Amino acid sequence: MLAFVSPQVLKLLIAFCENQPLLDWSGPTYAVVLFVAAASYTLILQVYHRLNMLAAAKIKTAVIGLIYKKALSITNSSRRKFTTGEVVNLMSADAQQLMDMALNMNLLWSAPFQILLAIYFLWKELGSAVMAGLAVLLLIIPLNAFVASRVKHLKKTHMKAKDQRLKLLNEILHGIKILKLYAWEPSFLQKIVKVREGEMEVLKSSGYLTAFSMLTLTCVPFLVSMASFGVFVMKNNENVLTASTVFTSISLFNILRLPLFDLPTVISSIVQTKISLGRLERFICCDELDPTSIQTEYLGGHAVGFVGASFRWEKTGCAALRELNLKIADESLVAVVGQVGAGKSSLLSAILGEMEKVEGLIQRKGTVAYVSQQAWIQNATLQENILFGANMIESRYHLVMEACCLLPDLELLPHGDQTEIGERGVNLSGGQKQRVSLARAVYADADIYLLDDPLSAVDVHVGNQLLEKVIGPAGLLKNKTRVLVTNSTVVLPLADQILVMDEGRIIEMGSYEKLLSDKQRFADFLEKYCSKPEEKSRPEAEEMHKKDETNVKHGKVSIGSSQENKGRLLMKKEEVATGSVKGSVILKYLNSFGTFWVTLTMLAYISQNTVSLGQNWLLRTWTDEAKQVQEMAKWIELRDSRLRMYGELGVIQALAVCFGAFVLTKGTLQASRTLHYQMLDSILHLPLLFFETTPIGQLVSRSTKDIYVIDERFHYYLRTWFSCLLDVIGTVVVIIVATPLFAVAIVPLGILYFSIQRYYIASSRQIRRLDGASRSPVISHFSETLLGVSTIRAFGYQDRFISQNKEVIYENLVCYYNNVISNRWLAVRLEFVGNLMIFLAALFMVKNKSHLDSGTVGLAMTYALNITATLNFWVRKACEIETNAVAIERICEYSEMDKEAPWTLPTRPPADWPEQGIVHFDKYEARYKRNLEPALHDVSFQTLCKEKVGIVGRTGAGKSTLTNCLFRILEASKGRIFIDGVDISAIGLHDLREKLNIIPQDPVLFSGTVRENLDPLGSHSDSELWMALELCHLKDFVQSLPEHIHHEVAEGGENLSVGQRQLLCLTRALLRKTKVLILDEATASIDLETDNLVQMTIRKTFSDCTILTIAHRLHTIMDSDRVLVLDSGRVVEFDSPENLLEKGGVFYHMVSEAGIIQNGKAKTTNRRR
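Conventions used here
Residues numbered from 1 in each chain as written. Predicted model: local features only at pLDDT ≥ 70, side-chain atom pairs only at ≥ 80, totals over all residues. Heavy atoms only, no water. Pairing = 2+ DSSP bridges. Helix = DSSP H or I, 4+ residues; strand = E, 2+ residues; numbered from the N terminus. Axes fitted to C-alpha atoms, helices over the stretch in contact; angles between N-to-C directions. Parallel < 35°, antiparallel > 145°, perpendicular 65-115°, else oblique. Contact = heavy atoms within 4.5 Å. Nonpolar A, V, L, I, M, F, W, Y, C, P; charged D, E, K, R; others polar. UniProt positions renumbered as here; feature names shortened; annotations may be inferred. Buried < 20%, exposed > 50% of the residue type's maximum accessible area, 1.4 Å probe, protein only. 1 Å grid on protein atoms, 1.4 Å probe; cavity = no way out; pocket = protein on both sides within 12 Å on 5 of 7 lines; lining within 4 Å. Points joined across faces, edges and corners; volume = space filled by probe spheres on them. Patch = residues over 30% accessible without salt bridge, like charges linked within 9 Å, V, L, I, M, F, W, Y side chains within 5 Å. Areas by Shrake-Rupley, 256 points an atom, 1.4 Å probe, with all protein chains shown as cover. Salt bridge = Lys/Arg side-chain N within 4 Å of Asp/Glu carboxyl O. Expected span 1.5 Å × (residues − 1). Right-handed = clockwise from strand over helix to strand, strands pointing away. Core = buried A, V, L, I, M, F, W, Y, C linked by side-chain atoms within 4.5 Å.

1. What about the sheet that holds strand β15 (residues 996-999)?
Hydrogen bonds between backbone atoms are what pair the strands of a sheet, whose relative direction is either parallel or antiparallel.
Phase 1: Strand order in this open sheet of 6 strands is β15-β18-β19-β12-β20-β21, and the pairing throughout is mixed. Looking at the sheet topology across the chains shown, the edges are occupied by β15 and β21 (1130-1135). Within the sheet, the average angular offset between the axes of one strand and its neighbour, ignoring direction, is 20 degrees.

2. Some points on the packing of helix α14 (residues 430-443) against helix α15 (residues 460-471)
Phase 1: It is the contact of α14 with α15, at a shortest axis distance of 13 Å, that shows an interaxial angle of 5 degrees. Classified by the interaxial angle, the pair formed by α14 and α15 is roughly parallel. Facing R435, L438 and V442 of α14, the residues of α15 in contact are V462, L466 and V470.
Phase 2: Class assignment for the residues of the contact of α14 with α15 results in 5 nonpolar, no polar and 1 charged.

3. Topic: the UniProt feature "transmembrane region" (unreviewed entry) in the chain
Phase 1: Residues annotated in UniProt with the feature "transmembrane region" (unreviewed entry) correspond here to residues 27-48, 106-123, 129-149, 208-234, 721-754, 826-845 and 857-875.
Phase 2: Split by type, residues 826-845 is 100% helix and 0% strand. Its first and last C-alpha atoms lie 28 Å apart.

4. A closer look at the environment of Q916
Phase 1: You can see Q916 is positioned in the loop between α28 (854-892) and β10 (919-926).
Phase 2: Given the relative accessible area of 41%, Q916 is considered partly exposed.
Phase 3: In the structure, Q916 is positioned 28 residues away from L944 in sequence and 8.4 Å away in space, judged by C-alpha atoms.

5. Some details on empty space enclosed by the protein
Phase 1: Taken as a whole and assessed by the stated rule, the structure comprises 7 cavities of 30 Å³ or more.
Phase 2: Its volume calculated, the largest cavity comes out at about 140 Å³.
Phase 3: In this structure, the largest cavity is lined by 12 residues; those nearest its centre are K948, Q1095, R1099, T1109 and D1119.
Phase 4: Among the secondary structure elements, those contributing two or more residues to the lining of the largest cavity are α35 (1088-1101) and β19 (1106-1110).
Phase 5: At 3 residues, α35 tops the list of elements feeding residues into the lining of the largest cavity.
Phase 6: Classifying every residue of the lining of the largest cavity by side-chain character gives 4 nonpolar, 4 polar and 4 charged.

6. Structural notes on a nonpolar patch on the surface
Phase 1: There is a patch of nonpolar side chains on the surface, built from W617, I729, V733 and V737 and spanning about 360 Å² of accessible area.
Phase 2: If one sorts the elements of the nonpolar patch by residue count, helix α24 (residues 696-738) sits on top with 3 residues.
Phase 3: Judged by its relative accessible area of 36%, W617 is partly exposed.

7. Quick look at the sheet that holds strand β9 (residues 505-510)
Phase 1: A sheet is described by the order of its strands in space; here 6 strands give the open sequence β5-β6-β7-β3-β8-β9, paired in mixed fashion. Only two strands of the sheet have a single partner each, and these edge strands are β5 (368-371) and β9. Taking the axes of each pair of neighbouring strands and ignoring which way they run, one obtains an average angle of 15 degrees across the sheet.
Phase 2: Sheet analysis places β5 next to strand β6 (residues 448-452), joined by 4 bridges and oriented parallel. Within β6, the residue paired with V368 across the bridge is I448.

8. Examining helix α34 (residues 1058-1070)
An α-helix turns once per 3.6 residues; consequently, residues spaced three or four apart project the same way.
Phase 1: End to end, α34 covers 19 Å across 13 residues, agreeing with the expected 18 Å (1.5 Å per residue, within 8%).
Phase 2: Of all 13 residues making up α34, 13 are buried, and the element is well covered by its neighbours.

9. A few points about the pairing of strand β20 (residues 1122-1127)
Phase 1: Of all the 6 residues making up β20, 5 are buried; the element is thus mostly covered by neighbouring parts of the structure.
Phase 2: Pairing analysis gives 4 bridges linking strand β12 (residues 948-952) to β20, with the strands arranged parallel. Looking at β20, one finds that V949 is bridged to R1122.
Phase 3: As paired strands, β20 and β21 are joined by 5 bridges and run antiparallel to one another. Bridge assignment links D1127 to a residue of β21, and that residue is R1130.
Phase 4: Linking two consecutive strands that pair antiparallel, namely β20 and β21, is a turn of 2 residues; a positive phi of about 55 degrees is found at S1128 within it.

10. Looking at the pattern of salt bridges
Phase 1: Counted according to the given criterion, the structure contains 31 salt bridges.
Phase 2: Here D518 ties to K514 by a salt bridge, and the two come within 3.1 Å at their closest N and O atoms. With D518 and K514 both in helix α16 (residues 512-518) and 4 residues apart, the pair spans about one turn of that helix.
Phase 3: On the accessibility criterion, D518 (30% relative accessible area) is partly exposed.
Phase 4: Overall, the relative accessible area of 41% leaves K514 in the partly exposed class.
Phase 5: Across the pair E893 and R702 runs a salt bridge, and its minimum N-O distance is 2.8 Å. Residue E893 is found in the loop between α28 and β10, and its partner R702 is found in helix α24; the two are separated by 191 residues along the sequence.
Phase 6: One connected set of salt bridges, linked through shared partners, spans R165, R196, E199 and D711.

11. Side note on the pairing of β6
Here is the key point about a regular strand: its side chains alternate between the two faces of the sheet.
Phase 1: In terms of burial, β6 is largely enclosed, as 5 of its 5 residues are buried.
Phase 2: Here β6 runs beside strand β7 (residues 481-485); their pairing, made up of 5 bridges, is parallel. The residue of β7 that forms the bridge with I448 is T481.
Phase 3: Each parallel crossover has a hand, and the one from β6 via α15 to β7 is right-handed.

12. Re the nonpolar core
Phase 1: Counting 285 residues, the largest nonpolar core has I498, M861 and L966 as its most contacted members.
Phase 2: Look past the residues within four positions of L966 in its chain and what remains in contact with it is V919, F921, I977, I979, I984, L992, L996, I1078 and L1108.
Phase 3: In this structure, A342, A350, M355 and M501 belong to the second largest nonpolar core, which totals 29 residues.

Quick look at the structure:
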């Protein structure tokens, strides 16, 4: 209501200046009333904005909390319907959309109310002629409705493309190591670019729709005034446009612009909110795990029981576990064995309640601790990972650390158990991650322990210690119920009960002795892969336990490489820049925008504002001329010519608006495309160490929120700031022309204005940076939770994680609240300056009324009344430019980081290189950081052509570092590596990596079909794929899938067992024909029988290759031509297995511990001669 006071006072002020009464104090009174009304309007509006924004923030927080809570209870089958990117988008984009809608909700009634009030006051000025303007408004509404429907369609398309891009980015970041090892960065870069181009098409269409919205915003007031004034003067020749009528009406039309602009925005926001609500509803309404499917209150004589139970992963799927009848006794050790895909891990999931029960009964007694096959590690300190929210008990903590072989690691880690572990444990080795995961479970002191093959990731020596000191009959868990999924034969004699699984059924069950005496499949398997001397009886196990204790006390256990762990160091906290944003950052955006488009955009907006000023000046001239015309004929001629000129100027303005919107869209798309590509290209060129020390949440945040700012917001802030600047210049010029004395007041007001602006921008910029930095932990914590949801549910810690989520959201809300308050602080002070300008302008007009005509007074005061909003908007947008330029700063930051070596160099190796595959390390030394000791010391050895070399050593001896050096993941500090005589440091990374082949320890799969995972580049035929699948013993499994090789693999390969994932990675390697192959624990997660078949396949398929095999299962390298033994980064032995065993050195002791020596000789199978 207060907004409509100013036009009425303006009307009285113009009348006062026209009549020019002597000694009348009404003029100054009008100036004071204008100031008081504007100041009151400011205070009330800012209080409303503060309360409104806080309410909106509460809605967003509630939605994020609801999504997080749902993610902790959703079924596995429902979870697979959503990628991590989609769920993260629900928390970021869709929750933000609901917040935006809450902010604009009141406009649904206030905007129509303001429009009706404006029409009422216009009726008083123009009479029924205002209906012509109303007709124009009504005509615009269906057009806006059409635009809104198009926006809805485009929004859906855009969100799908954004989800797809985010999903791809997540998979690239999680699988970045395999991308670098296989030199796949360019192909995955093009995949994202292709999706991004789809986004660009949507943004282009959206930009053209924005052109129409801008045309509506700019030209509707003109069309309404044109129609109203035209009908007013044409309806009756006696209707004369006076200054009072014209400028009071224009002031009302200016007030009308804001609700006219807000209403389509609100309609568009409602459309977008409806889409977001649909996406949220789809997720929130997903099936949840049924806690009643398991009888957890059972108090009988056994810990776990199945009675005629069958389970499946999906409602419509086939049963993965069938007809289970089983009782697991209290305090017993149960070993679960079987081939890949037999259902071993599914059995543990059924006990946890992670699967859907089809029929039967399942009972479970007491609390549960779970160790997953792929260790889930939190981005927290080592101690926090082990305690996992439990209270610290020093004696128990030390006991657990010692039993899990973690005490020596504390000396190697930079800050002991206070060392921060990175996301997914990236700064720990595979063995260390598994031991931390095991320690977490042991410390929990649960009743039932579900252990999913925790021994596969550690070497034989450490595995024996864990078995004897933790899992076995003499270990810490001896009085607990333990269900151990394993592929190791060493543990079987120690088990109280063994379950043999095949195709989801328990086909044999009983003690070790009973199964041997039954002489069925299990006995045949043991006879083939194990022999009596290898078995350890319980007394022998206890003796081994005592021996290992002595080794630990005397520091004889090599747990990890000091330099490798220190080199990986800590996760980097997101740096928050300080000070003003450099002008070079804005210039980077403008350069990517294009000088041509920048120039055209500026010309379009200058033209648009100049024409707008010309329209109002024409009205001022018209009113003055109308007073001097006495004859009707001249009046009609004047009226027609001025109306024509007014209309022509309106057409020119419309053309300038459309042209400006068009060139702005073109430039924006070019800037978005360029900056996104530069960011992605820079990220993929960064060394692997960067990804191991940087939370994925930081990268995802920059690819979502920051890219959103560049795509949809930054150009709008620049455009609005420039438009407001032109408005301010126009206003000041008009007022100074009307009353030159105002120029004196401009100087102190300008100083006050810029002081407020400078003070505000410094604070707001930093608050915005903190807001951006505090947003990353929200995304990181959520992504981390999604990865470890099974572990969290197993321990029953959902409530604690919900509390942690609230804490990180609260930190972000603190920054948001400070941002809201700082904006309110700015608005009150800036609008006070603007109100002072209105007051002084009115005062000077009153003082100089004798020298001013009413038209000039009306024009100057009409512009002055707009100065408050314009100044506020101008500074706000200037600040938005600087604070949002932080998004450009953050995106461009990656281009300034140290990159890895170039992918290609002018000096390229021959096309047929390498022909022999001879690998030669010459006095090689490597460091993870310059200030650290070498991780590899003076390593020298040379393979022969087509030689098979096994690489062994304790955990952390430098085996993986050696592989990293061969692929130049880690560069040399001294020495060189030659492959067939070519120095690998002299060629490009991709020229090197494309000629090497590796099967890594962690199986990495991407969402997509089986075919796309095996052949991401699409360079092999279907027949080649089937042949490779057959060689890896996966053909039958893939043929059993509904879509065969076109079957969809879930994100991260979640719908496959870990063993199946590892075999798919092996198949992928078989398709890659190279002369050098590295096997890095390639068969750690598969059973011994399949492992033996795979080893035979490797020997046959890669018979003409040099093979370097890193293995914890020593039997896999016993048939190697030579064995390289590493210790603390040095080569200690390098000879044939037979010679090394005869020497009785380090290798001999490792083989002895593994139980592979029989009667003084090593048991070798399938020895290649």
